[in-house]
Amino acid sequence: MVFDASGSSSPATPPLSGNPLGVILTRGFARQVLLGRWFTVFASLLIMAASGATYIFGSYSGTLKLSFGYDQRTLNTVSFFKDLGANLGVFSGLINEVTPPWVVLAMGAGMNLFGYLMVYLAVSGRTARPPLWLVCLYFFVGANSQSFANTGALVTCVKNFPESRGVVLGILKGFVGLSGAVYTQLYLALYGGVDAESLILLIAWLPAAVSVVFVHTIRYMPYPRRRRGGGGGQETSSDPFFCFLYLSIALACFLLVMIVVQKQVTFSRDAYGVAATPLLILLLMPLGVVVKQEYKIYRERQLDAALRAADPTPPTITVVDDGGAPGAGAGAPPSSSSALQMSAAATDDTTTKKPEQQQQPPPPPPSSSCLGSFGKCVRTMFRPPARGEDYTILQALVSVDMLVLFVATICGVGGTLTAIDNMGQIGESLGYPSKSINTFVSLISIWNYAGRVTAGYASEAVLVRYRVPRPVLLTGVLVLACAGHVLIALGVPQSLYAASVVIGFCFGAQWPLVFAIISEVFGLKYYSTLYNFGGMASPVGSYILNVRVAGRLYDAAAARQHNAPRDGAGGKHDKLCLGVECYKRSFLIITAATVLGALVSLVLVWRTWRFYRGDIYARFRDGDGGEGSGKDGRLPVDRRPEEEEREKAAAANGRKA
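On a predicted model such as this, the values are computed, not experimentally measured, just so you know. (Residues numbered from 1 in each chain as written. Predicted model: local features only at pLDDT ≥ 70, side-chain atom pairs only at ≥ 80, totals over all residues. Heavy atoms only, no water.)

Caption draft 1: Broad picture of the confidence of the model for the protein chain. When pLDDT is averaged across the protein chain, the result is 81; 78% of the residues are at 70 or more. The secondary-structure element of the protein chain with the lowest mean pLDDT is strand β2 (residues 337–341), recorded at 41, while helix α20 (residues 470–490) shows the highest, at 96. In the model, residues 323–369 has pLDDT below 50 throughout and makes 56 contacts with residues more than four positions away in sequence or in other chains. Here residues 565–570 is a poorly scored stretch, pLDDT under 50, and it has 3 contacts once near neighbours within four places are set aside; other chains count. (pLDDT = per-residue confidence, 0-100. Helix = DSSP H or I, 4+ residues; strand = E, 2+ residues; numbered from the N terminus. Contact = heavy atoms within 4.5 Å.)

Caption draft 2: Representation of helix α12 (residues 269–284) in the model. Relative to the 22 Å expected for 16 residues at 1.5 Å per residue, α12 spans 23 Å between its end C-alpha atoms, a close match to the ideal helical length. Listed as buried for α12 are Tyr 272, Ala 275, Ala 276, Leu 279, Leu 282 and Leu 283. As for α12, its buried residues are in contact with α3 (37–49), α9 (165–191), α11 (239–264) and α13 (286–310). (Expected span 1.5 Å × (residues − 1). Buried < 20%, exposed > 50% of the residue type's maximum accessible area, 1.4 Å probe, protein only.)

Caption draft 3: View of the pattern of salt bridges. Counting across every chain of the model gives 6 salt bridges. The salt bridge involving Glu 460 is made with Arg 470; its shortest N-O contact spans 2.7 Å. Taken as a pair, Glu 460 in helix α19 (residues 434–466) and Arg 470 in helix α20 lie far apart in primary sequence, 10 residues in all. Summarising the burial analysis for this pair, Glu 460 and Arg 470 share the class buried. Glu 520 is paired through a salt bridge with Arg 470; the nearest N and O atoms lie 2.6 Å apart. Placement of the pair is Glu 520 in helix α21 (residues 496–522) and Arg 470 in helix α20, with a sequence separation of 50 residues. When sorted by exposure, Glu 520 lands in the same class as Arg 470, which is buried. Each of Lys 82, Asp 83 and Asp 421 takes part in salt bridges that share partners, so that together they form one network. (Salt bridge = Lys/Arg side-chain N within 4 Å of Asp/Glu carboxyl O.)

Caption draft 4: Just the state of the cysteines, in detail. In this structure the tally under the stated criterion is 1 disulfide. Bridging Cys 577 to Cys 582, the disulfide has an S-S length of 2.0 Å. Its S-S torsion of approximately -90° makes the covalent link between Cys 577 and Cys 582 left-handed. Not engaged in a disulfide, the cysteine Cys 506 finds its nearest cysteine sulfur in Cys 482; these two sulfurs lie 8.7 Å apart. (Disulfide = S-S within 2.5 Å.)

Caption draft 5: The side chain of Thr 594, seen in detail. As for its position among the elements, Thr 594 is in helix α24 (residues 581–613). In contact with Thr 594, other than residues within four places in its own chain, are Cys 411, Leu 478, Ala 481, Cys 482 and His 485.

Caption draft 6: Here's a closer look at the environment of Ala 559. Along the polypeptide, Ala 559 turns up in helix α23 (residues 537–563). C-alpha separation for the pair Ala 559 and Cys 577, spaced 18 residues apart in sequence, amounts to 8.2 Å.

So, in structure tokens, the structure goes:
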């Protein structure tokens, strides 16, 4: 039986006419832009740029310490609850499994406003001084809103672009890394940098406002069906992501220049406001990329419509039946061969019924659902599918791969996060002026961005071209982080600038790699929850290395210094430590922990080497294309013959059963 679905040869494509500006200014095109998947990316970029308030804790931690009279260990305890809230995203992940993303974003906006606003009121003296547990609760609630923003925006974009997940994670996490420097510039422009209390107020209302503005534009999009050219067309092209990359580089360069200039020149408040204007323009420029890409999609759809209009006749299906061939059935017609030209009506009926039979999804395997039957999930939790398939939540949590990745992330992220949270006190103990300490915080933000973008784009490139596993790059990042920790431990004069660059880069580079590894090894079905579970390694590492190690050793060094009389100093000054010894032992221990994390990461390299040497994205091109794309996201005529044979055999088995 031979099927000829090619149809008659179509005439030359008629030229498409239309003024681009006339199309762009129409209401229909504006609706297409607002409802398109690329505007979702733009909205996510702005939400991410406003959701990194936890990374500038070092800019106002000194004010918090003085206002409440905390010692370093108590301050680090507050910092731990801040990190715990920022990374305890299991709740937002589970909520996102059963609700649309706008619910998660709206909840996050309310939590951010409440948590940080209460901290601002307490620090500014507008409310009574709260007890420590209540301050920790405020920071936990406010910082936990960051996980809601990440889940609602970032996870949605990863699912909308499954074949470019490394690039998506890199650019979105890159904007999170830039948020610290963005907050600094907006704080200087709006409040003049007079007091750190205003900075807390800024991070209370700005992220909530951005999330509310774009709350209804973040949503899941069906994966587009494959076009006859073999690709998904302009709707899933990776070209706009490189435009976003170039714009983000321009934004990072601008922020870096402003950091250097503001360190050398004294600005007035009006000058800070003028300097913030280019910042806002650069933040909004990705919208131009979105409009351009949506216009390309519009032209592509116009072209497809013109092709269909030029060849309106349905394809002809010729059925050739060789009745006298060997193996013919007993009921075959007597003639040796006959050709039947089916009518258009019969063709329409056949071509509508057969895809319905082909697109009947097979019964789900036992490991594909966890929310529906908990007992079945427990029974199959130790029988995971192959790497790259969709694990259930329990299967992923008890797997050796997740355990190894979690331990490596605890050691790596925990050490770099300890350095970031203590950068203000580190600079103070080494004798740097307050202006330089703000420079360190901004440098960490810039290089945090550079690490995230570099890890996302570079890991995707070497994976696609050379099949280099992402865990290899994760191991390299952990080794590089050891250099930054050693610089802090030794306290070499003026080395804190280089240390802040290395620490910021390595902290940023770890996250896209970790989250991409989770999505590739354990699948995307429950990525909302597994993504947030991976982030839980950060507060665990922060508690061990920041609270139990750095905070305790700092207070011990301060106590040793103040046992001897020091100019009659007392009170809050007794909790201040000065000199290299304040953090030397802490960061030598952190260096050893990071080396351990690199060795553990090598175990993951060994376990996943064969998996990454294959084509891990084949299922999105040749098979199960994605959510909402039908069976495989392609037209039936685009399938290969061997695939049709497999589908026929499956249908035959179903009829026998």
